[in-house]
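Summary of the model geometry
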Amino acid sequence: MLSDTYSVAQPTRAEIDALAGPALLEFGTGWCGHCRATQAPLAAAFAQHPEVLHLRVEDGSGRALGRSFRVKLWPTLIFLKDGQEVVRLVRPLDSAEIGKAFALIEA
């Protein structure tokens, strides 16, 4: 299910690594213009993949989870399968590109 807010509470890297199945880990902030611009194409692509777990994590300086994934720009979408990164998209604006990433974690 597509989440609509960035969570300040963060899972640990160990919890992310232990996830089973497909998941989308999204790093960003609510005030980021790039993050807001990505929401419409993300929602369009996500509509075809509602069973994928969506973790929307507020990122920033000193946030351990974002640093463990070496996130530098927002939004960064990390597509995971069984806790392992398969593909990442940085500032995507194309729902087709996002859809292709979803397909990779559901295969």
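Heads up: the structure comes first, above all this text.
The sections below set out a description of the structure shown in this document. (Residues numbered from 1 in each chain as written. Predicted model: local features only at pLDDT ≥ 70, side-chain atom pairs only at ≥ 80, totals over all residues. Heavy atoms only, no water.)

Some remarks on the overall build of the protein chain
Using the following cut-off: Every helix listed is a DSSP run of H or I at least four residues long, and every strand listed is a run of E at least two residues long, numbered separately from the N terminus. Atoms considered for the radius of gyration are the C-alpha atoms alone. The globule rule reads 2.2 Å times the number of residues to the power 0.38. Surface accessibility in these figures is a Shrake-Rupley result with a 1.4 Å probe; residues are shielded only by whichever protein chains are displayed. All tallies of charge rest on Lys and Arg as positive and Asp and Glu as negative; His and the ends of each chain are not included. Charged side chains are reduced to one point each, which is NZ for Lys, CZ for Arg, CG for Asp and CD for Glu.
Across its full length, the protein chain holds four helices and four strands. Along the protein chain, helices (α) and strands (β) appear in the sequence α-β-α-β-α-β-β-α when read from the amino end. At 12 Å, the protein chain has a C-alpha radius of gyration in line with the 13 Å of a compact globule built from 107 residues. Expressed along its principal axes, the backbone C-alpha trace of the protein chain runs to roughly 35 × 30 × 20 Å. Summing over all exposed atoms, the protein chain offers an accessible surface of approximately 5500 Å²; the carbon and sulfur share of this is 59%. For the protein chain, the distance from the average position of its 11 positive side-chain charges to the average position of its 12 negative side-chain charges is 8 Å.

Quick word on the pattern of salt bridges
What counts here: Every case where a carboxyl oxygen of Asp or Glu lies within 4 Å of a side-chain nitrogen of Lys or Arg is listed as a salt bridge. Here's how the labels work: a residue is buried when its accessible area is under 20% of the maximum for its type, exposed when over 50%, partly exposed in between, all with a 1.4 Å probe on protein chains only.
Counting across every chain of the model gives five salt bridges. Here arginine 56 ties to glutamate 26 by a salt bridge, and the two come within 3.3 Å at their closest N and O atoms. Of the two residues, arginine 56 sits in strand 2 (residues 53-58) while glutamate 26 sits in strand 1 (residues 22-28), which places them 30 residues apart along the sequence. Given a relative accessible area of 0%, glutamate 26 falls into the buried group.

Some remarks on helix 4 (residues 95-106)
Let me state the cut-off plainly: By this rule the span expected of a helix is its residue count minus one, scaled by 1.5 Å. The directions considered for the arc are those from the helix axis to the C-beta atoms. Throughout, a contact is declared for two residues whenever any of their heavy atoms are within 4.5 Å. Distance and chemistry together define a polar contact, namely a pair of N or O atoms within 3.5 Å, with one atom able to donate a hydrogen and the other to accept it when in protein, and with adjacent residues in sequence counting only for side-chain atoms on both sides.
In this model, helix 4 (12 residues) spans 16 Å end to end at C-alpha, consistent with the 16 Å of a helix rising 1.5 Å per residue. Those residues of helix 4 that fall on the buried side of the exposure criterion are Ile98, Gly99, Ala101, Phe102 and Ile105. With its buried residues spanning 160° around the axis, helix 4 presents them on a single face. In this structure, the buried residues of helix 4 make contact with strand 1, helix 2 (33-46), strand 3 (76-81) and strand 4 (84-90). Residue aspartate 94 occupies the N-cap position of helix 4, its side-chain oxygen lying 3.1 Å from the main-chain nitrogen of alanine 96.

Note that every value here comes from positions in space, so none of it alone points to a role or purpose.
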